[in-house]
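Each chain is listed here by its residues.
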Amino acid sequence: MIARLFCWIVAMVAVGLTPMARAEDGYDLWLRYARADPSRSAALSAHATAIVATGAGPTWAAATGELQRGIGGMTGAPPALSETIQQGALWLATPASTPALPVRTDGLGSEGYAIRSTMVDGKAVTLIAANGDVGVLHGVYHWLRLAQSGASLDALDIRSAPKIGLRLLNHWDNLNGTVERGYAGQSIWDWWRLPDWKGPRYTDYARANASIGINGTVLNNVNAKADSLTAPYIAKAAALADIFRPYGIKVYLSVKWTAPMELDGLKTADPLDPAVAAWWKAKADEIYKAIPDFGGFLIKANSEGQPGPQDYNRTHANGANMLAAAVKPHGGIVMWRAFVYAHDNPDDRAKQAYSDFKPLDGQFADNVIVQVKNGAIDFQPREPFHPLFGAMPRTPLMMEFQITKEYLGQSTHLTYLGPLFEEVLRSDTFAKGKGSTVARVIDGSLEGHTLTGIAGVANIGVDRDWSGSIFNQADWYAFGRLAWDTSLSAQAIAQEWAAQTFSPDPRVVQPIVAMMMGSREAAVDYMTPLGLAHVMGTGHHYGPAPWIADLARPEWNPVYYHKANVQGIGFDRTGTGSNAIAQYAPPVARRLADPKTTPERDLLWFHHLPWDYRLRSGETLWDGLVHHYERGVAYVADMQKTWEGLRPYVDAERFAETEAFLTIQHREALWWRDASIAYFQSMSKRPLPAGSAAPAHDLDWYKAQSFPYAPGHN
Ligand code: GCW
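Parameters and conventions
- Residues numbered from 1 in each chain as written.
- Predicted model: local features only at pLDDT ≥ 70, side-chain atom pairs only at ≥ 80, totals over all residues.
- Heavy atoms only, no water.
- Helix = DSSP H or I, 4+ residues; strand = E, 2+ residues; numbered from the N terminus.
- Rg over C-alpha atoms; globule rule 2.2 N^0.38 Å.
- Buried < 20%, exposed > 50% of the residue type's maximum accessible area, 1.4 Å probe, protein only.
- Areas by Shrake-Rupley, 256 points an atom, 1.4 Å probe, with all protein chains shown as cover.
- Lys, Arg positive; Asp, Glu negative; His and termini not counted.
- Charge placed at Lys NZ, Arg CZ, Asp CG, Glu CD.
- pLDDT = per-residue confidence, 0-100.
- Contact = heavy atoms within 4.5 Å.
- Axes fitted to C-alpha atoms, helices over the stretch in contact; angles between N-to-C directions.
- Parallel < 35°, antiparallel > 145°, perpendicular 65-115°, else oblique.
- Left-handed = near helix turned anticlockwise from the far one by under 90°.
- Nonpolar A, V, L, I, M, F, W, Y, C, P; charged D, E, K, R; others polar.
- Near = heavy atom within 4 Å.
- Polar contact = N/O pair within 3.5 Å; in protein donor to acceptor, adjacent residues only side chain to side chain.
- Expected span 1.5 Å × (residues − 1).
- Domains from an automatic or database assignment.
- Buried area = accessible area lost by both parts, 1.4 Å probe.
- Salt bridge = Lys/Arg side-chain N within 4 Å of Asp/Glu carboxyl O.

### Observations concerning the overall build of the protein
- Summing up its helical and strand segments, the protein has 22 helices and 16 strands in all.
- Here the protein has a C-alpha radius of gyration of 26 Å; the compact-globule value for 714 residues is 27 Å, and the two agree.
- Here the C-alpha coordinates of the protein stretch approximately 80 × 70 × 55 Å along the principal axes.
- Counting across all 714 residues of the protein, residues that qualify as buried make up 61%.
- Roughly 26,400 Å² of accessible area belongs to the protein as shown, and the carbon and sulfur atoms make up 57% of that amount.
- The averaged location of the 71 negative side-chain charges in the protein is 2 Å from the averaged location of its 64 positive side-chain charges.

Okay, structure coming up:
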């Protein structure tokens, strides 16, 4: 008998039907809705005795369904839907459904919401109001964030609406299922079985993104295949668009410039050729027939080998405007990437996008937005803000951040990107005097643009935890929350995320947030301190390789960026060098002209300095560099200790993963330190500072390391 009972329990556990704690494999992301403690559960139930939804349709169903899933998970008793308002009800309403709303919804747009604790006929209720159903959905997710993170649900008086219109993920997902710079497994778009098979993952994707206000997704890689625009693939994209639509999420596609030639044999892709323009117009009409609310096109043109209008002696504006005309009748937009640099351009790579695009300011059609990476090179652990921000006042510019961590430890390093995003958004371009922040450029308020946007290169794949690691989920979360409200702090976002993903218990949230908040700076320290950049392994970009100097394109070689020699290190971008600083507004350029007034974190990005240059600490540059590498490694060791202290509070499965990944991160941080010091010491010929250990191996050992199967690189 006992044996049979035991077998039954084992079977139930195996199929997940047991009341025991379910597997915490990260799939639920921040929408875990774990059971709250009894007092919290009672408080939640008292604030959600019923759900009174005054509208109907798929978005309303998504909103009420999420409330029932959330409150049911946290309290064990999902609230019922009700027609009548009762004490403690959650009341979801719009002016269309409820004329005499007790809150104003003007100014909230179509996506914003108001949440107000109020009385109706003597009954205390929580009103979630918006101008439309998508706004109500966003308000529901805000209320659930409060509910999950232990915040008070009393006396709520919240108004929230996004300033940035386009809040998109860019999936560098290929049609063969691989993900360029992806570290979370294969693409979640099962192109081969779409549109027939639409698994639950797509709906969970929509829920996760709607919960953080993301309202668009570019499904395919910017290194695009023309095939994405063929009828079968348009049908596949349409199936996804149908699933995402109730969540307020639109679908966009990356396009390949030569699609007219590859798909229909046109002899040219010259944007001024009427046949080419006609082809794109017909293609747009075809797409909109299948996806009436299709968002538009994203394109990487004349960049890293991708074709574009410059192949026909036309400008980026000629190209963008031709595509824009095709989608304009349908209300579509074109996102034209400014990530351009030419192999035959001897000028500083960091200057080339500005040189190409600045002269085109004002020449783009009004449904074109230029998508600019946060820095002028390529998603480095730190880059000064891109000089184009604030330099094209007559052209809407949108931000391109990288959520996937091509250069920040890929899937195993805990390097929370919230501080990176925050640092860039708060950077002051001085374009219109002090306070001309990057955030105000991209939300349109600085230069008066209504077409506004921000994109994040997604870190999503089919891994059960979606992002390759639990802590990588925080980067996706932070991107969405900052896209919705650029004034949020990375710290507050980390607190929200940790409370929902792990537990609202301060004994859990505080150490996790403290660990997260210094983790990106630690990566900067152990990888590219003091403004160094682009010193990673070739191709896969995994690990240190500052010695690389033999690649065909000079600007692909790490030595191009650090220019280390026996005298010193760094890239002179002042007037005595490439003069890239001249691309910034005068107050910024003046500050960057002098190493003494250049922020030390950007020092070697802008200056070539002698090894004996005195840092603000009084250390020589050489000693300071070594100490930065060591500070980065030490921080990871501290994270390991912090995580060990959390063992009693975190489920075994997720604890073990993070413990293992921190072990990898510590080993790799040490490897970055040792390899970098071994190489730079071979240049500086300086002795290590007192107390600093010699690298574990000699330089040739580090140079000999090879990783042909490192992930994310096709
Ligand atoms: O980030 C770098 C990557 C490429 C990427 C390219 C880009 C999609 O190394 O993988 O290609 O830049 O942003 O287009």
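### Overview of the confidence of the model for the protein
- Looking at the protein as a whole, its pLDDT mean stands at 96, while 97% of the residues score no less than 70.
- Here residues 11-21 is a poorly scored stretch, pLDDT under 50, and it has four contacts once near neighbours within four places are set aside; other chains count.

### Points about the packing of helix α16 (residues 519-527) against helix α20 (residues 621-645)
- In the contact formed by α16 and α20, the axes pass within 6 Å of each other and the chain directions differ by 140°. When the interaxial angle is binned, α16 and α20 end up oblique. In the crossing of α16 with α20, the sense of the turn from one axis to the other is left-handed. Mapping the contact onto sequence places Ser 519, Ala 522, Asp 525, Tyr 526 and Met 527 in α16 and His 628, Tyr 629, Arg 631, Gly 632, Val 633, Tyr 635, Val 636 and Met 639 in α20.
- Of the residues that constitute the contact of α16 with α20, the class distribution is eight nonpolar, three polar and two charged.

### Considerations on the site of the ligand
- Neighbouring the ligand are 16 residues; Glu 180, Lys 300, Arg 337, Lys 373 and Glu 406 lie closest to it.
- The contact in question runs from an oxygen atom of the ligand to an N or O atom on the side chain of Arg 181, over 2.9 Å.
- At 2.9 Å from an oxygen atom of the ligand is found a side-chain nitrogen or oxygen belonging to Asp 378.
- Considering only residue class, the shell around the ligand consists of five nonpolar, three polar and eight charged.

### With respect to the environment of Asn 579
- For Asn 579, the location among the structural elements is in the loop between β15 (568-569) and α18 (586-593).
- With a relative accessible area of 31%, Asn 579 lands in the partly exposed category.
- Taking the C-alpha atoms as reference points, Asn 579 and Ala 593, 14 residues apart in sequence, are found 9.0 Å from one another.

### Examining helix α14 (residues 490-501)
- An ideal rise of 1.5 Å per residue puts 16 Å on 12 residues; α14 measures up with 16 Å between its terminal C-alpha atoms.
- Across the 12 residues of α14, nine count as buried, placing the element largely inside the fold.
- Within the sequence span of α14, burial applies to Ala 490, Ile 493, Ala 494, Glu 496, Trp 497, Ala 498, Ala 499, Gln 500 and Thr 501.

### Digging into the packing of α14 against helix α15 (residues 506-517)
- Where α14 meets α15, the axes come as close as 9 Å, and the angle between the chain directions of the two elements is 135°. The orientation of α14 with respect to α15, classified from their angle, is oblique. Where α14 crosses over α15, the handedness of that crossing is right-handed. On α15, the residues touching Ala 490, Gln 491, Ala 494, Gln 495, Trp 497, Ala 498 and Ala 499 of α14 are Val 509, Ile 512, Val 513, Met 516 and Met 517.
- For the contact of α14 with α15, a count of residues per class yields 10 nonpolar, two polar and no charged.

### Thoughts on the domain arrangement of the protein
- Considered domain by domain, the protein is made up of domain 1 (22-160), domain 2 (166-500) and domain 3 (525-571 + 608-704).
- Relative to domain 3, the C-alpha centre of domain 2 lies at a distance of 31 Å.
- Facing the 26 residues of domain 2 at the interface are 26 residues of domain 3.
- With both sides pooled, the region where domain 2 packs onto domain 3 buries about 2,100 Å², and carbon together with sulfur makes up 56% of that total.
- One can count 14 residue pairs in polar contact (both at pLDDT 80 or more) joining domain 2 with domain 3.
- Across the side of domain 2 that touches domain 3, the residue classes tally to nine nonpolar, 10 polar and seven charged.

### Describing the pattern of salt bridges
- Under the criterion given, the structure shown has 39 salt bridges.
- Among the salt bridges present, the one from Lys 300 reaches Glu 304, with a minimum N-O distance of 2.8 Å.
- Look at Lys 300 and you get buried, because its relative accessible area is 5%.
- Judged by relative accessible area, Glu 304 falls into the partly exposed class, the value being 31%.
- For Lys 405, the salt bridge is made with Asp 475, and the minimal N-O distance between the two is 3.8 Å. Here Asp 475 lies in helix α13 (residues 473-484) and Lys 405 lies in the loop between β13 (397-402) and α11 (418-425), a separation of 70 residues in the sequence.

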